[in-house]
Amino acid sequence: MDRTVSTERSTLPLPFWNLRGASAAEALVRLTDASIQNVSAGKVLEVAGEPTAYVYFVISGWLVSSKSTSDGQRHIVDFILPGQFCDPGSARITQTATDICAHTRAELAIMRRRDWSRLLERSPEFQTLVNRHVAARCSGMAERMLRLGKANAETRIAYAICELCLRAHDTGPLNGQKFHLPLTQQALGDYVGLSSVHVSRTFCRFKQHDLVTISDHMDIIIHDVDEFAAIAEVDIEALRAEIIA
């Protein structure tokens, strides 16, 4: 796999790894190249409350971070997409905060925490990018939590679709483009706090009003992005600036 580094940009997945300093980019490439693994969909990487010694960088595929109740009901905390990293540690750094598993087949750099920490210490530019990434994910989760607590099903689902389309395809307009989100209705429901029945009914209403086309788990075309964004209660370009590092 070619990971040639220029002084302008690392060839690791965007949007996150936009390192202009050659030394920082080369150090990151060396670390990730030495730790690449392919994992199958459903592979459990971390279990909440258990010890952890790794940080995960997603090269391709999706990871999912989740918590489950004692009776097995799951809520998805976040998806980790290509070009993003996942540090599963809690305030007790070596203890995992959430369950982490491969949502799809994925190519990952699974880095020892001590090596990751050493890279952060040696590169102020890299530390700045990590801070921006963390801030972007906190912003996205804050927006979603607001809708989970105060909004109806249509707003929750419209927001989640806008957010995930922006994160998965961070350039260009949303209107009229086809986006693939590798989600079942159950998984989307677990992300927005709704049952799969609620998700299905909401999709039907969206289709009836010709707002979106949704097919094949899940190819999405947003036909009227202004109306869809109004339902999501969000300004698309403001959201893009807020959640894309």
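Small disclaimer: the values here were computed from a predicted structure and weren't measured.

Structural notes on the layout of surface pockets
So, point 1. Considering only enclosed or pocket space, the largest pocket measures out at about 510 Å³ in volume.
So, point 2. Phe85, Cys86, Asp87, Val134 and Met141 are the residues nearest the centre of the largest pocket, which is lined by 25 residues in total.
So, point 3. Residue assignment for the lining of the largest pocket shows that the elements contributing at least two residues are strand S5 (74–80), strand S6 (85–86), helix H2 (113–122) and helix H3 (124–150).
So, point 4. Tallying contributions element by element places H3 first for the lining of the largest pocket, with 6 residues.
So, point 5. Among the residues making up the lining of the largest pocket, the classes are represented as 14 nonpolar, 6 polar and 5 charged.
So, point 6. Approximately 240 Å³ is the volume found for the second largest pocket.
So, point 7. Every residue along the wall of the second largest pocket is listed here: Ser23, Ala24, Ala27, Arg30, Leu31, Asp115, Arg118, Leu119, Arg122 and Ser123.
So, point 8. With 5 residues, helix H1 (residues 22–33) is the largest single contributor of residues to the lining of the second largest pocket.
So, point 9. Each residue belonging to the lining of the second largest pocket can be placed in one class, and the counts come to 4 nonpolar, 2 polar and 4 charged.

With respect to the nonpolar core
So, point 1. Formed by 45 residues in total, the largest nonpolar core has its most connected members in Phe79, Ile157, Leu183, Phe203, Phe206 and Phe228.
So, point 2. Among the elements of the structure, S5, helix H4 (153–168), helix H5 (185–192), helix H6 (196–208), strand S10 (212–215), strand S11 (219–222), helix H7 (225–232) and helix H8 (236–243) are those that each provide at least two residues to this core.
So, point 3. It is H4 that contributes the most residues to this core, 10 residues altogether.
So, point 4. Aside from chain neighbours lying at most four places away, what touches Ile157 is Leu188, Val192, Leu194, His198, Val199, Thr202, Phe203 and Phe206.

Focus on the pattern of salt bridges
So, point 1. Enumeration over the complete set of coordinates arrives at 10 salt bridges.
So, point 2. Residue Glu154 is joined to Arg205 by a salt bridge in which the shortest nitrogen-to-oxygen separation is 2.7 Å. Taken together, the residues Glu154 in helix H4 and Arg205 in helix H6 connect sequence positions 51 residues apart.
So, point 3. We classify Glu154 as partly exposed; its relative accessible area is 25%.
So, point 4. Arg205 sits in the partly exposed class, given a relative accessible area of 33%.

Structural notes on the packing of aromatic side chains
So, point 1. One pass over the full model with this rule turns up 5 aromatic pairs.
So, point 2. Taken together, a centroid distance of 5.2 Å and an interplanar angle of 75° make the contact between Phe206 and Phe228 edge-to-face. Of the two residues, Phe206 sits in helix H6 while Phe228 sits in helix H7, which places them 22 residues apart along the sequence.
So, point 3. Look at Phe206 and you get buried, because its relative accessible area is 1%.

Basis of the calculations
- Residues numbered from 1 in each chain as written.
- Predicted model: local features only at pLDDT ≥ 70, side-chain atom pairs only at ≥ 80, totals over all residues.
- Heavy atoms only, no water.
- 1 Å grid on protein atoms, 1.4 Å probe; cavity = no way out; pocket = protein on both sides within 12 Å on 5 of 7 lines; lining within 4 Å.
- Points joined across faces, edges and corners; volume = space filled by probe spheres on them.
- Helix = DSSP H or I, 4+ residues; strand = E, 2+ residues; numbered from the N terminus.
- Nonpolar A, V, L, I, M, F, W, Y, C, P; charged D, E, K, R; others polar.
- Core = buried A, V, L, I, M, F, W, Y, C linked by side-chain atoms within 4.5 Å.
- Buried < 20%, exposed > 50% of the residue type's maximum accessible area, 1.4 Å probe, protein only.
- Contact = heavy atoms within 4.5 Å.
- Salt bridge = Lys/Arg side-chain N within 4 Å of Asp/Glu carboxyl O.
- Phe/Tyr/Trp six-rings, centres within 6.5 Å; stacked < 30°, edge-to-face > 60°.

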